[in-house]
Amino acid sequence: MWAFDWSNFVMGIGAVNAFTCDLTSFQNSLKYGATVISAKHLANNSTFEVPSSDIGFPTSPTNLPALCAVEVKVASTANSSYNFGLFLPDDWNGRFLAVGNSGFAGGINWLDMGAGVKYGFATISTNTGHSSTSLDARWAENNPEAFIDWAYRSLHGSVTAAKDLVQKYYGKRLSFSYYTGCSTGGRQGLKEAEMFPDDFDGIVAGAPAWWTVHLQLWNMKVGMYNLPTNAPHHIPQELFPAIGAEVLRQCDGSDGVLDNIISDPRRCNFDPETLLCPGDVKDQISARCLTSPQLDTLYHLYGDWVEANQTFVFPHLELGSEGNWGMLLGSDEPTTLGTDYVKYVLGLGSNWTWQDYNPSLLALSEELNPGNATAGFDLSAFSKKGGKLLHYHGLSDGGIATHSSLYYYNHVLRTLKPRGFDLDGFYRYFMVPGLEHCTGTPSIMNAPWYFAGANQAGALGTGVSSVPGFADAEHDVLLAMMEWVENGRAPDYIIATKWNNDTLQDRVARQRLLCMYPKQAIYIGTGDVDDPKNWKCQTLEKTHYERITECSVSLDVQFGDILN
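Just so it is clear, the model here is predicted, and its values are computed rather than measured. (Residues numbered from 1 in each chain as written. Predicted model: local features only at pLDDT ≥ 70, side-chain atom pairs only at ≥ 80, totals over all residues. Heavy atoms only, no water.)

Engineer: Honestly, helix 11 (residues 360-368) in this entry has me stumped. Any pointers?
Structural biologist: Three or more residues of helix 11 are buried, namely L361, L362, A363 and S365. Phi turns positive, to about 40°, at N369, one or two residues after helix 11. (Buried < 20%, exposed > 50% of the residue type's maximum accessible area, 1.4 Å probe, protein only. Helix = DSSP H or I, 4+ residues; strand = E, 2+ residues; numbered from the N terminus.)

Here is the structure:
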């Protein structure tokens, strides 16, 4: 493996400009019938002003190195197209990085590109072929080609075109190509590994929204459990913190140490009835308790979605995710991640309402498989070409059930192990205690959650990159991926960080090992629990839930029984 000097890593090898940073030079270099929208050179320490049309990712990255900023439009079919943005740093490290998107958002993720370009990468993002916020899928109505662009085509096409431009701009070949994304971005990474194994040498996929045909309906189903808001079973959002506090009280010690972090919710025998209100309570919110019908709702939220004949559809929200429940449960309507999917992607029309839901939608979603967006389990081609995959998911995620990732991992294992593949050699999965959806941690836990995953730098500030104070392969998941790809040192753990003030990154409050599954971090019994040196990665006996997940039905389950 080619080795590089970490001390000089950010400065890179320098750019050899084959042409200048202007519209004409780039337009003359395009081979794909594409059009250059803009090309502009920015001085060191500049801000890239995101165009007002980019409503999916409107935040402007700051403190950029000197670079050339380019936007290109590419026709994907006769009536659809997508754009991509490209940051070309003056001091280039010889590598290529693509960053992912989120939800249904249509927009170039300039903010994550800004974090990536500070490493020295030539960095790109696609707008997935439309303009929208992350919760809006109206653009997909009667537009299946646009949904294919969103599903996978725009990223692959953007990567192909951008690589060509990068090599022409610098006058030399790429050394290595990487990808990082979370949520929809995580799904995009898994689709790349499955469908286009030659695009990237290393893929970092966080909290992947990989099971599109089930996930979007689950997003809606979870909200429906808690609706309508005037029903006796409805749990008001003001009580979510009380539920979270009781879960923490009962589950904190399930990993053998009391540290205000639920590190192993699968081993917690949570008793919801401890939250039941006594008969004389007049103000539920003040009493921080639940009625019997509300406890029924809680059981639904903590239980897998199973339909007729025990057909498994999607896993449950995790104990410890309550601080993130507002994503799906904090409104008087289910999230449009589900309802827009039914209306505009499955084609039931704008007059359809969530009250019209019936289980036949599962069969319809499976049958249509819109855009072929769901990621498959056969990663054999990616493994054979030497690709590496780092997959992570927060255990406090309230937007995508954490164990959908375990389901995916186990089904890749079931697909490849019988054919002689060693998953650990190319695919490693990490659960992150206390991490919510891609970024952040419940205030009640303050768990170490930051390791430079996708979207995380932007959550700290518009000019942040890597892990402030810890820019190394132990603390930064992207550098860990590079170390694996380029030097052959696979990560057994990554160290997550929580500062006293995450915005200022002033003083480290806590750090913790994130261990490669099936190992988990175990306290050695002495020393500061917030010092990662006092933890070790150890394999424990699998829980009942993990064994059930491994035996669950495969992705190609048929839903004929649901329709009867």
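Engineer: Help me understand the nonpolar core, please; the structure alone is not making it clear to me.
Structural biologist: For soluble globular proteins, nonpolar side chains are generally found buried alongside one another. With 116 residues, the main nonpolar core has F26 and L88 as its most contacted residues. Of the residues forming this core, the biggest block, 12 residues, is contributed by helix 3 (residues 144-170). Excluding its chain neighbours within four sequence positions, the residues that come into contact with L88 are F26, L67, C68, V70, A122, V166, Y169 and Y170. Listed in part, the 48 residues of the second largest apolar core include Y392, F430, V464 and W484. (Core = buried A, V, L, I, M, F, W, Y, C linked by side-chain atoms within 4.5 Å. Contact = heavy atoms within 4.5 Å.)

Engineer: Sorry if this is basic, but what is going on with the environment of F470 here?
Structural biologist: By secondary structure assignment, the location of F470 is in the loop between helix 14 (456-460) and helix 15 (477-487). Distance from F470 to T497, taken between C-alpha atoms, is 9.1 Å for residues 27 residues apart in sequence. Residues contacting F470, with those up to four places away along its chain left out, are H475, V508 and Q511.

Engineer: I'm lost on the domain arrangement of the protein chain in this one. Help?
Structural biologist: By a widely used convention, the size of an interface equals the accessible area lost when the partners come together. The domain boundaries assigned to the protein chain delineate domain 1 (21-173), domain 2 (215-367) and domain 3 (392-563). Placing the centre of domain 1 and that of domain 3 at their C-alpha centroids yields a distance of 28 Å. Of the roughly 1,000 Å² buried where domain 1 meets domain 3, counting both sides, 57% is carbon and sulfur surface. Looking only at domain 1, the three residues that lose the most surface to domain 3 are R95, D112 and Y119, adding up to 45% of its buried area. Taken together, the links from domain 1 to domain 3 amount to one salt bridge. Its salt-bridge partner being E486, residue R95 comes within 2.9 Å of it at the nearest N-O pair. Counting every contact that joins domain 1 to domain 3 gives seven residue pairs in polar contact (both at pLDDT 80 or more). Elements with a contribution of two residues or more to the side of domain 1 that touches domain 3: strand 4 (95-99) and helix 2 (110-117). With three residues, helix 2 is the largest single contributor of residues to the side of domain 1 that touches domain 3. (Domains from an automatic or database assignment. Buried area = accessible area lost by both parts, 1.4 Å probe. Salt bridge = Lys/Arg side-chain N within 4 Å of Asp/Glu carboxyl O. Polar contact = N/O pair within 3.5 Å; in protein donor to acceptor, adjacent residues only side chain to side chain.)

Engineer: Looking at this structure, how should I read the sheet that holds strand 11 (residues 427-432)?
Structural biologist: Within a sheet, each strand pairs with its neighbour through backbone hydrogen bonds, oriented either parallel or antiparallel. Read across the open sheet, the nine strands follow the order 1-2-3-5-4-6-7-10-11; overall the sheet is mixed. Looking at which strands have only one partner, the edges of the open sheet turn out to be strand 1 (35-42) and strand 11. Direction aside, the axes of adjacent strands within the sheet are offset by 15° on average. The sheet contact formed by strand 10 (residues 388-394) and strand 11 spans six bridges and is parallel. When the bridges of strand 11 are listed, G394 appears paired with V432. This element, helix 2, spans strand 2 (67-77), strand 3 (80-89), strand 4 and strand 5 (122-126) of the sheet and lies at about 30° to strand 3. Here helix 15 sits on the sheet in contact with strand 4, strand 6 (176-182), strand 7 (202-206), strand 10 and strand 11, set at roughly 155° to strand 10. (Pairing = 2+ DSSP bridges. Axes fitted to C-alpha atoms, helices over the stretch in contact; angles between N-to-C directions.)

Engineer: It is not clear to me how helix 10 (residues 336-345) should be interpreted in this structure. Could you clarify?
Structural biologist: An α-helix turns once per 3.6 residues; consequently, residues spaced three or four apart project the same way. With nine of 10 residues buried, helix 10 lies mostly within the body of the structure. Among the residues making up helix 10, those that are buried are L337, G338, T339, D340, Y341, V342, K343, Y344 and V345. Here the buried face of helix 10 lies against helix 3, helix 5 (212-225) and helix 11. Of the residues that open helix 10, the one with a side-chain oxygen 3.2 Å from the backbone nitrogen of L337 is T335. Just downstream of helix 10 lies G347, where phi reads positive at about 90°.

Engineer: Before we go on, may I ask you to explain the environment of G303 in this structure?
Structural biologist: Structurally, the position occupied by G303 is in the loop between helix 8 (292-301) and strand 8 (305-307). Residue G303 is classed as partly exposed on the basis of its relative accessible area of 22%. The sequence separation of G303 and T335 amounts to 32 residues, and the corresponding C-alpha distance is 19 Å.

Engineer: What exactly am I supposed to notice about the state of the cysteines here?
Structural biologist: Each disulfide consists of one covalent bond between the sulfur atoms belonging to two cysteines. Under the definition given, this model contains five disulfides. The residue that forms a disulfide with C251 is C268, at a sulfur-sulfur distance of 2.0 Å. Of note, the bridge from C251 to C268 carries an S-S torsion of about -70° and is left-handed in sense. Within this pair, whereas C251 is found in helix 6 (residues 240-251), its partner C268 is found in the loop between helix 6 and helix 7 (284-287), the two being separated by 17 residues in sequence. Owing to a relative accessible area of 0%, C251 belongs among the buried residues under this scheme. Exposure remark for C268: the relative accessible area of 12% places this residue in the buried category. (Disulfide = S-S within 2.5 Å.)

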